[in-house]
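Coordinates in review
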Amino acid sequence: MKRYKVEMQREGSVKYFFIRDMETLEIVLLPSKYLMHQVRANRSPNTIRRNAFALAYYWEYLLEEEHEAEDVYGMDYETQYDFFAEYLKWLKDGKHTDNLENGPQNKTCNAYLKEVFRFYSFLEVVRNNGSSLSVLSYNQPITKANAIGVRRTIRSRSFKGYLKEEERNVRAAERNEIVTILEACTNCRDQVLILLTSELGFRIGEILGIDYTKDIDYENHEIRVDFRDDNENDARAKNAEERRGRVSDDTFEFLLYYIGEYWDILQKQEYLFINIKGDTIGKPLRVDSCLLYTSPSPRDGLLSR
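This section reports on the structure supplied with the text. Counting of residues starts from 1 at the beginning of each chain's written sequence and follows it residue by residue. Given that this is a predicted model, residues contribute local features only at a pLDDT of at least 70 and side-chain atom pairs are listed and counted only at 80 or more, while totals for whole chains, interfaces and linings are drawn from all residues. With hydrogens and water excluded, all non-hydrogen atoms of the structure serve as input to the side-chain values.

1. Describing the sheet that holds strand β9 (residues 243–246)
Strands were regarded as paired on the criterion that DSSP finds at least two bridges between them. A helix here means a DSSP run of H or I that spans at least four residues, while a strand means a run of E at least two residues long, and both kinds are numbered starting from the N terminus. Pairing in this open sheet of three strands is antiparallel, and the strands run β7-β8-β9 from one edge to the other. Looking at which strands have only one partner, the edges of the open sheet turn out to be β7 (216–217) and β9. Sheet topology note: the strand β8 (residues 222–225)/β9 ladder contains four bridges and is antiparallel. Paired with arginine 224 across the bridge in β9 is arginine 244.

In structure tokens form, the structure reads like this:
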């Protein structure tokens with residue numbers, strides 16, 4: 001059994017994540033303060049949850065290595081480099097969990113370590129004592145202009161010891177493949193979900209946050225995803241940005257059919273996508289309930305043949 005456990009406590013619509021030491025039953029303060037900082041920064045609850053697990057894994061590694069989190073600042077460059085490189089190997093070997101048959105991908109291991117480095121960056125700001133990780137070197141600065149033309153230079157720090165990430169073997173689905181997926185669906189809700197995801201290019205979490213009373217322009221066939229931090233299903237718009245997209249006439253007509261088909265359930269709340277059976281019928285559909293392909297690209301009306 002692992003010593004450090006991720007726990008969550010809800011206050012109203014806000015979820016607070018923290019890490020508990022299961023031996024002493026005390027909250028581990030440093031990573032929990034960082035997770036609280038992310039809540040205050042309006043990060044998505046799903047993102048904070050993932051980050052909490054990343055830090056819990058790191059604390060397990062610190063325990064095995066008999067180190068405290070801030071001990072790394074006292075290491076010389078080579079020792080510090082080896083310490084984090086060994087952490088990646090520890091993750092790759094699956095030592096962070098008891099429920100993994102195969103080790104995680106290199107990309108996943110790197111993501112866990114990147115979150116650890118973000119935690120240290122937070123710690124350095126809070127401590128304000130001049131400490132910094134010597135293994136993080138600055139990349140070539142990039143100069144970018146914002147929406148009104150003001151240019152600024154961005155500098156980022158990176159670790160040279162990350163694992164080589166696997167090449168992404170993905171492609172956009174072809175029209176006939178999407179039609180095959182649609183035909184395999186057992187209800188029109190899932191068909192509408194796939195159609196909107198494919199035509200709009202929005203993330204599944206963004207689609208699930210759609211309020212059919214506010215976010216749909218029924219006259220112009222446009223759909224908006226809006227940032228809200230109180231969605232019951234924790235759906236959030238990417239980067240807290242509002243975005244709009246227009247769907248084809250055929251897809252919009254099918255959307256109206258779906259709303260009419262489940263109006264007796266939908267009229268009791270505002271979310272477009274809801275559970276349509278079981279004990280949670282009428283509740284907003286959650287991301288972890290959706291097992292579907294979300295990267296198709298055609299935007300030309302998938303129902304028209």
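2. Digging into the packing of aromatic side chains
Any Phe, Tyr or Trp ring, taking Trp's six-membered ring, that has another such ring centre within 6.5 Å forms a pair; planes under 30 degrees apart are called stacked, those over 60 apart edge-to-face, and the others tilted. Within the structure shown, the criterion is met by 30 aromatic pairs. Both rings, one in tyrosine 61 and one in phenylalanine 83, keep their centres 5.1 Å apart while their planes meet at 50°; by these two values the pair is tilted. Taken together, the residues span a long stretch of sequence, with tyrosine 61 in helix α2 (residues 45–65) and phenylalanine 83 in helix α3 (residues 77–92) at a distance of 22 residues. Summarising the burial analysis for this pair, tyrosine 61 and phenylalanine 83 share the class buried. Measuring from centroid to centroid gives 5.4 Å for phenylalanine 83 and phenylalanine 84, while their planes differ by 75°, and the two rings are edge-to-face. Here phenylalanine 83 matches phenylalanine 84 in class, with each residue buried. Cation over ring: lysine 114 sits above tyrosine 162, and NZ or CZ is 5.4 Å from the ring centre. Note on classification: 1.4 Å probe, protein chains only; a residue is buried when its accessible area is under 20% of the maximum for its type, exposed when over 50%, partly exposed between these limits. Two thresholds decide whether a charge sits over a ring: the Lys NZ or Arg CZ must be within 6 Å of the ring centre and within 35 degrees of the ring normal.

3. Regarding the environment of tyrosine 87
Of note, tyrosine 87 is situated in helix α3. With 22 residues separating them along the chain, tyrosine 87 and cysteine 109 place their C-alpha atoms 8.9 Å apart. Should any heavy atoms of two residues lie within 4.5 Å, those residues are counted as being in contact. Not counting chain neighbours up to four residues away, the residues in contact with tyrosine 87 comprise Ala54, Tyr57, Tyr58, Tyr61, Tyr112, Leu113 and Val116.

4. Thoughts on the pairing of β8
Both β7 and β8 contribute to a ladder of two bridges, which runs antiparallel. Paired with isoleucine 216 across the strands is isoleucine 223, a residue of β8. The turn linking β7 back onto β8 is made up of four residues, and histidine 221 within it adopts a positive phi angle of 60°.

5. Concerning a negative patch on the surface
Judged by side-chain charge, Glu64, Glu65, Glu66, Asp76, Glu78, Asp82 and Glu86 come together as a negatively charged surface patch. Among the elements that make up the negative patch, the one with the highest residue count is α3 (three residues). The patches described consist of residues with a relative accessible area above 30% and no salt bridge, like charges being joined within 9 Å and nonpolar side chains (Val, Leu, Ile, Met, Phe, Trp, Tyr) within 5 Å. Using the Shrake-Rupley algorithm and a 1.4 Å probe, accessible areas are obtained, with residue cover drawn only from the displayed protein chains. The term salt bridge refers to a pairing of a side-chain nitrogen on Lys or Arg with a carboxyl oxygen on Asp or Glu at a separation within 4 Å. His is not counted here, nor are the chain ends, while Lys and Arg score as positive and Asp and Glu score as negative. Lys charges are placed at NZ, Arg charges at CZ, Asp charges at CG and Glu charges at CD.

6. As for the state of the cysteines
Here, the term disulfide refers to a pair of cysteine sulfur atoms separated by no more than 2.5 Å. Inspection of every chain in the model, using the stated rule, returns zero disulfides. Cysteine 188 takes part in no disulfide bond, and the closest cysteine sulfur, belonging to cysteine 185, lies 10.0 Å away. Note on cysteine 188: relative accessible area 10%, which makes it buried.

7. Quick word on helix α5 (residues 175–184)
Those residues of α5 that sit buried are Ile178, Val179 and Leu182. The arc that holds the buried residues of α5, viewed along the axis, is 100°, so those residues lie on one side. Pointing more than 90 degrees away from the buried face of α5 are the exposed residues Asn176, Glu183 and Ala184. Against the buried residues of α5 lie α6 (188–200). By definition, the arc is the one covered by directions from the helix axis to the C-beta atoms.

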